[in-house]
Amino acid sequence: DAKTTQPNSMESNEEEPVHLPCNHSTISGTDYIHWYRQLPSQGPEYVIHGLTSNVNNRMASLAIAEDRKSSTLILHRATLRDAAVYYCILRDPRSQGNLIFGKGTKLSVKP
Amino acid sequence: KAGVTQTPRYLIKTRGQQVTLSCSPISGHRSVSWYQQTPGQGLQFLFEYFSETQRNKGNFPGRFSGRQFSNSRSEMNVSTLELGDSALYLCASSPGGGYGYTFGSGTRLTVV
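Position numbers for residues start from 1 in each chain and track the written sequence from start to end. Think of it this way: whatever chain is written first is A, whatever ligand is written first is 1, and the rest follow in order. In keeping with the predicted nature of the model, local features appear solely for residues at pLDDT of at least 70, side-chain atom pairs appear and are counted solely at 80 or more, and the whole-chain, interface and lining totals rest on all residues. With hydrogens and water excluded, all non-hydrogen atoms of the structure serve as input to the side-chain values.

This brings us to the overall build of chain A. The helix and strand labels rest on DSSP assignments: H or I over at least four residues marks a helix, E over at least two residues marks a strand, and numbering proceeds from the N terminus. Along the backbone of chain A there are 0 helices and 9 strands. Secondary structure elements in chain A, listed N-terminal to C-terminal, are β-β-β-β-β-β-β-β-β. Computation of the radius of gyration draws on C-alpha atoms, with the globule rule given as 2.2 Å multiplied by the number of residues to the power 0.38. For chain A, the C-alpha radius of gyration of 13 Å lies close to 13 Å, the compact-globule estimate for 111 residues. Viewed in the frame of its principal axes, chain A has a C-alpha envelope of about 40 × 30 × 25 Å. Here's how the labels work: a residue is buried when its accessible area is under 20% of the maximum for its type, exposed when over 50%, partly exposed in between, all with a 1.4 Å probe on protein chains only. Per-residue burial over chain A gives 43% buried out of 111 residues. For chain A, long-range pairs separated by at least 24 residues make up 58% of all intrachain contacts whose partners lie at least 6 apart in sequence. Areas reported here follow the Shrake-Rupley algorithm with a probe of radius 1.4 Å; residue values treat only the protein chains shown as occluding. For chain A, the accessible surface area stands at approximately 5,800 Å², while carbon and sulfur atoms represent 48% of it. In this description, contact between two residues means that some pair of their heavy atoms is separated by no more than 4.5 Å.

Take a look at the structure:
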């Protein structure tokens, strides 16, 4: 599976939108973009995934660049409970491989 | 529905001992994966089981082993514990199609 690059950390103010970037310039045509987050003292939690089109769910939105070499996870209104490490992961569902976690982005939310 | 259950939550063992950790996946999920998380190495894949068969294995020594039972519950075993095995061990279950991994809260193992 191709690798991803994320900033080590980001800060946000409560109730403001947050845009978490992820670069994946070597993405293949069959790689899905997955986002997980890990809150303190918990296991990772699935957030959202997509292939080409932008995706929305109750937790977040995923904006995928037209060339698919980058994507952005959007939290529309950050809350204190969104403070976590966010992981962007590429995965080809045909590979039956495991999730490969990078270092992720540590998001801090200030009240 | 119930989530992924890992037991025990915390464990302290002595160097040289062996340990067994347990994971009960979400009902209906046939895939169980195990990960080790340390501050230095982050989240690293150990192995995955699907329908009682090991499907993938990470780059860990043979002291780390696992198995899956017919009810999809899984156990991992670490023999001859070393101080460096101190970590959070996470289990994840999925239906098996490469989507929707659900993680447990982990077992915090401390080796002294």
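Quick look at the interface of chain A and chain B now. Each partner contributes residues to the interface: chain A has 18 residues there, and chain B has 21 residues. Surface buried jointly by chain A and chain B totals about 1,500 Å² across both partners, of which 50% is contributed by carbon and sulfur atoms. The term salt bridge refers to a side-chain nitrogen of Lys or Arg lying within 4 Å of a carboxyl oxygen of Asp or Glu. Connecting chain A to chain B are 0 salt bridges. Ranked by residues supplied to the side of chain A that touches chain B, first place goes to strand β3 (residues 32-38) of chain A with 4 residues. Side-chain classes follow a simple rule in which Ala, Val, Leu, Ile, Met, Phe, Trp, Tyr, Cys and Pro form the nonpolar group, Asp, Glu, Lys and Arg form the charged group, and the remainder, Gly included, forms the polar group. By residue class, the composition of the side of chain A that touches chain B is 8 nonpolar, 8 polar and 2 charged. Accessible area that two parts lose when put together, with a 1.4 Å probe and added across both, is what the buried area reports.

Quick look at the packing of aromatic side chains now. In summary, the pairing rule links any two rings of Phe, Tyr or Trp, Trp by its six-membered ring, whose centres are within 6.5 Å, and it sorts them by plane angle into stacked for under 30 degrees, edge-to-face for over 60 and tilted for everything else. Per the stated rule, a full pass over the model turns up 10 aromatic pairs over all chains. Here Y35 of chain B and F45 of chain B contribute two aromatic rings whose centre-to-centre distance is 5.6 Å and whose plane-to-plane angle is 65 degrees, an arrangement assigned as edge-to-face. Taken together, the residues Y35 of chain B in strand β4 (residues 31-38) and F45 of chain B in strand β5 (residues 42-50) connect sequence positions 10 residues apart. Here Y35 of chain B falls in the buried class, since its relative accessible area comes to 0%. Relative to F103 of chain B, the ring of Y35 of chain B lies with its centre 5.7 Å away and its plane at 50 degrees, an arrangement referred to as tilted. Of this pair, Y35 of chain B sits in strand β4 while F103 of chain B sits in strand β10 (residues 102-103), and the two are 68 residues apart along the sequence. As far as burial versus exposure is concerned, Y35 of chain B and F103 of chain B are alike and both buried. Joined through ring pairs, the aromatic side chains of Y36, Y46, Y87 and F101 of chain A together with Y35, F45 and F103 of chain B make up one cluster.

All names here are of chain B. Read from one edge to the other, the open sheet built from 4 strands follows the order β1-β3-β8-β7, with strand pairing classed as antiparallel. Each edge of the sheet is formed by a strand with only one pairing partner; in this case those strands are β1 (5-7) and β7 (64-68). Within this sheet the neighbouring strands show an average axis-to-axis angle of 20 degrees, counted without direction. Where strand β3 (residues 19-24) and strand β8 (residues 74-78) come together, 5 bridges link them in antiparallel fashion. Across the sheet, T20 pairs through a bridge with N77, a residue of β8. Only strands joined by at least two bridges in the DSSP assignment are considered to pair. Whenever a helix is involved, its axis is fitted only over the stretch in contact; in every case the axis is a line through C-alpha atoms, and angles between N-to-C directions fall within 0 to 180 degrees.

This paragraph deals with the environment of I74 of chain A. Tracing the backbone through its elements, the reader meets I74 of chain A in strand β7 (residues 70-75). Not counting residues up to four positions away in its chain, the partners in contact with I74 of chain A are V18, H19, A60, S61 and A63 of chain A.

Residues and elements named next belong to chain A. Cysteine sulfur atoms are paired as a disulfide whenever they come within 2.5 Å of each other. Enumeration over the complete set of coordinates arrives at 2 disulfides over all chains. Put simply, C22 and C88 are joined by a disulfide, and their sulfur atoms are 2.1 Å apart. Its torsion about the S-S bond being -85 degrees, the disulfide of C22 and C88 is classed as left-handed. Remark: C88 occurs in strand β8 (residues 84-91) and C22 occurs in strand β2 (residues 18-23); sequence separation between them is 66 residues.

Note that every value here comes from positions in space, so none of it alone points to a role or purpose.
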